[in-house]
Amino acid sequence: MIRMVLSAIGFVMVVLPRGVVERAETVAFENPEDATLRRSTIPMARVEGAGYLLLGRRSGYLQGFLGTVVGLIGSAAAIAPRQYLTFGLSLAYENPDDITVKPWVIPGTRALGVLAVVLTVPSLRDRDTE
């Protein structure tokens, strides 16, 4: 089930990255109209979607490697969600200091980080038994 969800999210991000980013801005930002995307943001969203597609497949080493990366990124989001978000906004936007996130975004970032770590554990456990 999780693989199907990851694959569906990845597919949408690969095919419609701008729509995903614009929808995420509307949901997460108090002032989405003030956000100025960097030129690299849409291609980065597409690459992220491809990563989700790869995670949605059982592909041996690649899954283990991506699982480890997702686990590390999730750990950072879980431990320091505000700093994680600040860093992410600075990568994706030209004016991150002008963006106001909605109050639920920081705890939501922490929750997604914990979820990423929890979902990574089976991948790492499977790799250790090979």
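Everything numeric here is computed off the predicted structure, so don't read it as measured data.

Calculation notes
The residue numbers shown here count from 1 along each chain, following its written sequence. The predicted nature of this model means local features are confined to residues of pLDDT at least 70 and side-chain atom pairs, given and counted, to a pLDDT of 80 or more, with totals for whole chains, interfaces and linings taken over all residues. With hydrogens and water set aside, each side-chain value is computed from the structure's full complement of heavy atoms. Pairing of aromatic side chains requires ring centres within 6.5 Å, counting the rings of Phe and Tyr and the six-membered ring of Trp. Pairs whose planes differ by under 30 degrees are stacked, by over 60 edge-to-face, and all others tilted. The way it works is that DSSP assigns letters per residue, a run of H or I at least four long becomes a helix, a run of E at least two long becomes a strand, and they are numbered from the N terminus. A cavity here means a set of points on a 1 Å grid, drawn over the protein atoms and nothing else, where a 1.4 Å probe fits but cannot get out; a pocket is an open set with protein on both sides within 12 Å along at least five of seven lines, and a residue lines either one if it has an atom within 4 Å of a point. Grid points are joined across faces, edges and corners, and a volume is the space filled by probe spheres set on the points. Note that Gly is not counted as nonpolar here; it falls among the polar residues with everything else outside the nonpolar set of Ala, Val, Leu, Ile, Met, Phe, Trp, Tyr, Cys and Pro and the charged set of Asp, Glu, Lys and Arg.

Trainee: Where do I start with the packing of aromatic side chains in this structure?
Mentor: Counting across every chain of the model gives one aromatic pair. Here phenylalanine 29 and tyrosine 93 contribute two aromatic rings whose centre-to-centre distance is 5.6 Å and whose plane-to-plane angle is 70 degrees, an arrangement assigned as edge-to-face. One end of the pair, phenylalanine 29, is in the loop between helix H2 (17–28) and helix H3 (41–55); the other, tyrosine 93, is in the loop between helix H5 (81–92) and helix H6 (105–128), and 64 residues separate them in sequence.

Trainee: So what exactly am I meant to see when it comes to the layout of surface pockets here?
Mentor: To find leftover empty space, one rolls a probe the size of a water molecule over the atoms. In this structure, the second largest pocket occupies an estimated 170 Å³ of space. Around the second largest pocket, the lining residues are Arg82, Leu85, Thr86, Leu89, Pro96, Asp97, Ile99, Thr100, Val101 and Ile106. Of the residues forming the lining of the second largest pocket, the biggest block, four residues, is contributed by H5. Split into classes, the residues belonging to the lining of the second largest pocket amount to six nonpolar, two polar and two charged.

Treat this as a map of the structure, not an account of what it does.
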